[in-house]
Amino acid sequence: MRSENSLRKPKGFCVSHSRSSLLAPHSLTMAILNNRLTTEQYEQNFSDIHPPFETREAALVEANRCLFCYDAPCTKSCPTSINIPKFIKQITTDNLKGAAYTILDANIMGGGCSKVCPVEKLCEGACVYNLLDEPPIPIARLQRYSTEKAIAQKWPLFQRKPSVGKKVAVVGAGPAGLSCAHVLSREGVDVTIYEKESKGGGLMTYGIAAYKVTPQFCEDEVNFITSLGGITIKYDQELGRNLTLAELQAGYDAVYLGIGVGVARHLGIPGEDLEGVEDAIRFIYDIREKGYPAVPVGDKVAVIGLGMTAIDAATQAKRLGAKEVTIVYRRTQAEMPSTEVELNLAKLDGCNLIWLASPKEILGENGRVTQLICNVMELSVPDTSGRRTPVETGETITLDVDMVIKAAGQIPYEELVTNNQLTNWYGKLAINEHCETNIPGVFAGGDCVNGGKEVVDAVQAGKDGARAILKKMSERANE
Amino acid sequence: MKERIAGATNSGISNLHSFTHSLFHSLNMADLSTNFLGIKSPNPYWLASAPPTDKKYNVLRAFEAGWGGVVWKTLGSQVKNVSSRYSAVDYNGTKVMGLNNIELISDRPLDINLREIAECVREFPDRAMVVSLMADNTREKWHELIAQVEDTGAHGLELNFGCPHGMTERGMGAAVGQDPEIAKMVVEWVMEKATIPVITKLTPNVHSVVPTGRASVEGGTNALSLINTIQSVTGVDLNTLVPNPYVAGKSVYGGYCGPAVKPIALKMLTTIAQDPVTSRVPISGIGGISTWKDAAEFMLLGATSVQVCTAVMKHGFRIIDDLCDGLNNWMDEKGFKTVYDFIGKSVPTITHWEDLDINYHIVANINQDKCIHCGLCYIACEDTSHQAINLTYGKPYNTYSIIENECVGCNLCKLVCPVDDCITMVEQRKGDEYLNWKEFQRRGLPLNDH
């Protein structure tokens, strides 16, 4: 067992030993198989990687290190502007309810964000202790300490104002939609959320590695949000399938679109339709939706791209029992969208990395993937913007693989929004400074506008959208 | 090194200790030994009269660890202690910034105490053995107790006129120390009988320690020690709503000690060190001494020996190593060969406010290379009074700079800054000459205009 893994996962990391040889006895042929591990192994590989503070004292040691900065850099680096020094101070005074309120008032998904945020480039990255070459305050961990209790014990932190007789339809129960709905409902607006899936949470529930945020937590978080009252989620309701924008416009005082982004970007190379070529979003979705044993994974898996989704796909492929996982990225570490912390997750899970390699062609036999051919790239001299574009060297490398997972970005729902006469830019919705689309009364925010950013950005977009809707409502009322 | 010695010897812990101590001394130049009215100790550190000094088992281990002396826990009239006895004040995660106790004097039988004192003196003749006393309020009782204690071979007596709880209800402890006339009378009784040096321990639970200090000196005491604990309520339990320490649903005022009381003790010590009557006798300093730095400060303000209790109750006798070592290194750095080279050296520097030089002016300077942009200086100055720090917005890091015209040189920004030497106070005199408040007024110089 790899010792590094034990740092994060007390029981170590389970790979398919006897079980896989049992399934493929004496066989050298590669195969995409499900059910590679035992139940215990799956549970172990997909348990929450975030170690909680075991005790109050342990949390206080860290909380008491906080300097309580004024106009704090951590807060300024949080897209939702959580007053971090304030909530940490509240932890030190045993005012955990106050701490949870401070967090959740600014970010209703503060619990989930404390698990999935790339804090090393946000709050913790800005902590002034970094300037002293000291470890930053473990802000995310302290945030979990407070919010997990709030969610688990269902603290009624928020009270809804009496109904003002207004109705808003929100499309998408992801971070943007839930955040928007919560702000609106607190102000007495009745909100109905239309969600295409059977669970709320959006990408938090369907698009992030299960070991970062467990399915149970996602469900609890959504329930915590809706426990405010005034928010109804209607599941299996998809815009363009069994729901039209016109219906919503007719039935509600305003509509908020938080529809997110769709499938993974096409690579545009030969062989992309071979069996064994997977969309990372679909792969991650299946893990969350179907359960770990049901999701097949190859023996030798290549993951294309190096964003958060690529890391989540690669690590989970490994944790599902893939023997070899190789991440292929066309630039270098300096340009990667993933953070160092994320990259280390993949490295600790034993994933291989090939830098400066761009997929050229996927080869197959009998319709199934057998090889991935990549162009070997090099970085050009920086252009005027300082960006170094990868260019082909003419050399290629060939990887023997039986599965290719595409994680080179996601594409917006261009067809859907265009069909609804919504102004967009390659599918990304255009909104004005009041979060309103070209259609009056239809607002939007989150990934469907920004093309795909962090959960915390979507939460802020939802807040902004709700405030814009409230402002417009009050303006109308005053007319 | 230590292990090798321990493996090679079976000559007992105390011998081992003196050997390792001599190793320490070979590295250091300075001489830490003190002679307090003829009571000699190898270093100025005595354990104060308190639970760590209430029996032979403790005292021998303290001596083995290297303590210079002890003041044996107060002997006197028969008492019985309760449970619980202590409560504490924690601060930002640091435990026991202040300790409060409601324990009375020794509740062990007198004859056992006396026998054990004698044994300790015999085993460690080079260490100071002072015995704290609090007899019932008659001349005979005091005489009787003194005679018994002197028979043990103890080197000195300390009169407990300071215990602020319990004993006061019987007219003892602080009840004596709070009334200069009674204190003087008791000291006179003691001096009629005592043949070894007598130290009178003062209570801080008075508006000034000087009147009782003077009365004690006039009554003949050979020395003074201060402070005893300060009457306190450390806090109220927010679940039970009963203050701490909790004794069957009730509490009682206790005596406060530990690091929190040090500044108060230093002030009281200084008043004794500066008074023309009380400064005639040596002083043993007490009150929150936890480190060699604290000890050096007490000695600079007039203490010849220092007494430690709370720090030992929290960490054990082992802290003596750094108490000695740190003091020794500091003395070497400063060129002090013996403790007498610096005892009392800072006393004259504490003066009257109206003698302070108004022309002395300092302004803060922020070293931008060291600044970590926490903004603590800014908000302290902004919300305190002076608004002398400028904030230039940045994301995520603001820049802070001093508005020198507005800076009054108060030190607050420097005090709250978490980075050493990031903020320094730079001298910018208002005038070359010394100018005090009286002269300032006489000349009719202008006051602040904003």
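Computed from a prediction, not measured in an experiment: that's the story for all the values here.

Cut-offs used in this document
- Per chain, residues are indexed from 1 in the order of the written sequence.
- Written order decides the labels, with chains lettered from A and ligands numbered from 1.
- At least 70 in pLDDT is required for a residue's local features to be given in this predicted model, at least 80 for side-chain atom pairs to be given and counted, and no such filter applies to totals for whole chains, interfaces and linings, which use all residues.
- A run of H or I in DSSP becomes a helix once it reaches four residues, and a run of E becomes a strand once it reaches two; helices and strands are each numbered from the N terminus.
- We compute the radius of gyration over the C-alpha atoms and compare it with the globule rule, which gives 2.2 Å times the number of residues raised to the power 0.38.
- Whether a residue is buried, exposed or partly exposed follows from its count of other C-beta atoms within 10 Å of its own C-beta, namely 20 or more, 12 or fewer, or something in between, respectively; the C-beta atoms are built from the backbone.
- Axis angles are defined between N-to-C directions and span 0 to 180 degrees, where every axis is a line fitted to C-alpha atoms and, for a helix, only to the segment in contact.
- Geometric relationships in this document are graded by angle, where less than 35 degrees denotes roughly parallel, more than 145 denotes roughly antiparallel, 65 to 115 denotes roughly perpendicular, and other angles denote oblique.
- Each residue gets a C-beta atom placed from its backbone, and two residues are in contact if those atoms lie within 7 Å.
- Amino acid classes used here: Ala, Val, Leu, Ile, Met, Phe, Trp, Tyr, Cys and Pro are nonpolar; Asp, Glu, Lys and Arg are charged; the rest, including Gly, are polar.
- Strand pairing is defined by DSSP finding a minimum of two bridges between the two strands.
- The path from the first strand over the helix to the second decides the hand: if it runs clockwise while the strands point away from the viewer, the crossover is right-handed.
- As a per-residue measure, pLDDT tells how confident the predictor is, with possible values from 0 to 100.
- In this document the domain limits rely on a domain assignment from an automatic tool or a database.
- Crossing handedness is read from the near helix: turned anticlockwise from the far helix by less than a right angle, it gives a left-handed crossing, and turned clockwise, a right-handed one.

Student: Run through the overall build of chain A, naming residues and quoting values.
Tutor: The helix and strand inventory of chain A stands at 20 helices and 15 strands. Expected size for 479 residues packed as a compact globule is a radius of gyration near 23 Å; at 23 Å, chain A falls within 12% of this value. Reported as C-alpha extents along the three principal axes, the dimensions of chain A are approximately 75 × 55 × 50 Å. When the 479 residues of chain A are sorted by exposure, 49% land in the buried category.

Student: How would you summarise the overall build of chain B if you had to cite specific residues and measurements?
Tutor: Summing up its helical and strand segments, chain B has 15 helices and 18 strands in all. Scaling as 2.2 N^0.38, a compact globule of 450 residues should have a C-alpha radius of gyration of about 22 Å, and chain B matches this with 25 Å. For the C-alpha atoms alone, the extent of chain B along its principal axes is close to 70 × 60 × 55 Å.

Student: Give a description of the packing of helix H7 (residues 96–106) of chain A against helix H10 (residues 139–152) of chain A that names residues and reports values.
Tutor: Describing two packed helices takes the angle between their axes plus the distance from one axis to the other. Residues and elements named next belong to chain A. Their axes nearest at 9 Å, the elements H7 and H10 cross at an angle of 100 degrees. What the angle tells us is that H7 and H10 run roughly perpendicular. Counting all contacts with H7, which are made through Leu 96, Ala 99, Ala 100, Ile 103 and Leu 104, the residues of H10 involved are Gln 143, Ser 146, Thr 147, Lys 149 and Ala 150. Of the residues that constitute the contact of H7 with H10, the class distribution is 6 nonpolar, 3 polar and 1 charged.

Student: Account for the sheet that holds strand S10 (residues 368–379) of chain A, with residues named and values stated.
Tutor: Residues and elements named next belong to chain A. Spatially, S9-S10-S11 is the arrangement adopted by the 3 strands of the open sheet, whose pairing is antiparallel. Here the strands that pair on one side only, and so sit at the sheet edges, are strand S9 (357–365) and strand S11 (390–400). Here the average twist between neighbouring strands, direction ignored, is 25 degrees. Pairing analysis gives 8 bridges linking S10 to S11, with the strands arranged antiparallel. Counterpart to Leu 372 in the pairing with S11 is Leu 399.

Student: Describe the pairing of strand S13 (residues 283–286) of chain B, with residues and values.
Tutor: All names here are of chain B. Side chains of S13 alternate between two faces, with Ile 283 and Gly 285 and Ser 284 and Ile 286 buried alike. Where strand S10 (residues 223–226) lies against S13, 3 bridges are found, and the strand directions are parallel. Counterpart to Leu 226 in the pairing with S13 is Gly 285. Strand direction decides the pairing type here: S13 and strand S14 (residues 303–308), joined by 4 bridges, are parallel. By the bridge assignment for S14, Ser 284 is matched with Ser 305. For the handedness criterion, the β-α-β arrangement of S13, helix H10 (residues 292–300) and S14 is classed as right-handed.

Student: Describe the confidence of the model for chain A, listing the residues and the values that go with them.
Tutor: Residues and elements named next belong to chain A. Here chain A averages 92 in pLDDT, while 94% of its residues score no lower than 70. Note on residues 1–12: pLDDT is under 50 here. Beyond four places in sequence and across chains, it has 16 contacts. Below pLDDT 50 for its whole length, residues 16–27 participates in 11 contacts with residues either more than four positions away or in separate chains.

Student: Describe the environment of Tyr70(A), and please don't skip the residues or the numbers.
Tutor: Here Tyr70(A) is to be found in the loop between helix H4 (56–63) and helix H5 (73–76). Placed 15 residues apart in sequence, Tyr70(A) and Pro85(A) show a C-alpha to C-alpha distance of 8.3 Å. Sequence-distant contacts of Tyr70(A), that is, excluding residues within four places in its chain, are made with Gly375(B), Leu376(B), Tyr378(B) and Ile379(B).

Student: Tell me about the interface of chain B and chain A, and please be specific about residues and values.
Tutor: In this complex, chain B contributes 14 residues to the contact, which on the side of chain A involves 15 residues. Taken together, the residues of the side of chain B that touches chain A break down into 8 nonpolar, 5 polar and 1 charged.

Student: Residue-level account of the domain arrangement of chain A, with values.
Tutor: Residue and element names in this part refer to chain A. Taken domain by domain, chain A consists of domain 1 (3–45 + 265–406), domain 2 (64–152) and domain 3 (167–262 + 411–478). Here the C-alpha centre of domain 3 lies 26 Å away from the C-alpha centre of domain 2. In this complex, domain 2 contributes 14 residues to the contact, which on the side of domain 3 involves 19 residues. Tallying contributions element by element places helix H8 (residues 110–116) first for the side of domain 2 that touches domain 3, with 5 residues. In terms of residue class, the side of domain 2 that touches domain 3 is built from 9 nonpolar, 4 polar and 1 charged.

Student: So what's going on with the packing of helix H16 (residues 308–319) of chain A against helix H17 (residues 340–348) of chain A? Residues and values would help.
Tutor: All names here are of chain A. Across the interface, H16 lies against H17 with an axial gap of 9 Å and an inter-helix angle of 15 degrees. In terms of their interaxial angle, H16 and H17 are classed as roughly parallel. Crossing handedness for the pair H16 and H17: left-handed. The residues of H17 that touch H16, namely those facing Met 308, Ile 311, Ala 314 and Thr 315, are Glu 342, Leu 345 and Ala 346. Considering only residue class, the contact of H16 with H17 consists of 5 nonpolar, 1 polar and 1 charged.

Student: Please set out the pairing of strand S12 (residues 254–257) of chain B residue by residue, giving values where relevant.
Tutor: All names here are of chain B. Examined bridge by bridge, strand S6 (residues 94–101) and S12 share 3 bridges and lie antiparallel to one another. The residue of S12 that forms the bridge with Asn 101 is Gly 255. Across 3 bridges, strand S11 (residues 230–232) lies against S12 in antiparallel orientation. Within the sheet, the bridge partner assigned to Ile 230 lies in S12 and is Tyr 256.

Student: Go over the environment of Gly254(B) with me, naming the residues and quoting the values.
Tutor: All names here are of chain B. Assignment of secondary structure puts Gly 254 in strand S12. Separated by 91 residues in the primary sequence, Gly 254 and Cys 163 place their C-alpha atoms 9.4 Å from one another. Excluding anything up to four places from it in sequence, Gly 254 contacts Ser 87, Asn 100, Asn 101, Ile 102, His 165, Ser 232 and Pro 245.

Student: Which residues make up the domain arrangement of chain B, and what values go with them?
Tutor: Each domain of chain B was delimited in the assignment, giving domain 1 (10–349) and domain 2 (353–442). Look at where the C-alpha atoms of domain 1 of chain B and domain 2 of chain B centre, and you get two points 40 Å apart.

Student: So, helix H8 (residues 210–218) of chain B: which residues are in play, and what are the values?
Tutor: All names here are of chain B. Regarding H8, the residues found buried are Thr 212, Gly 213, Arg 214, Ala 215, Ser 216 and Val 217. In the core, the buried residues of H8 are packed alongside helix H6 (174–177), helix H7 (180–193), strand S9 (198–201), S10 and helix H9 (262–274). Backbone geometry just downstream of H8 places Gly 220 in the positive-phi region, at approximately 110 degrees.

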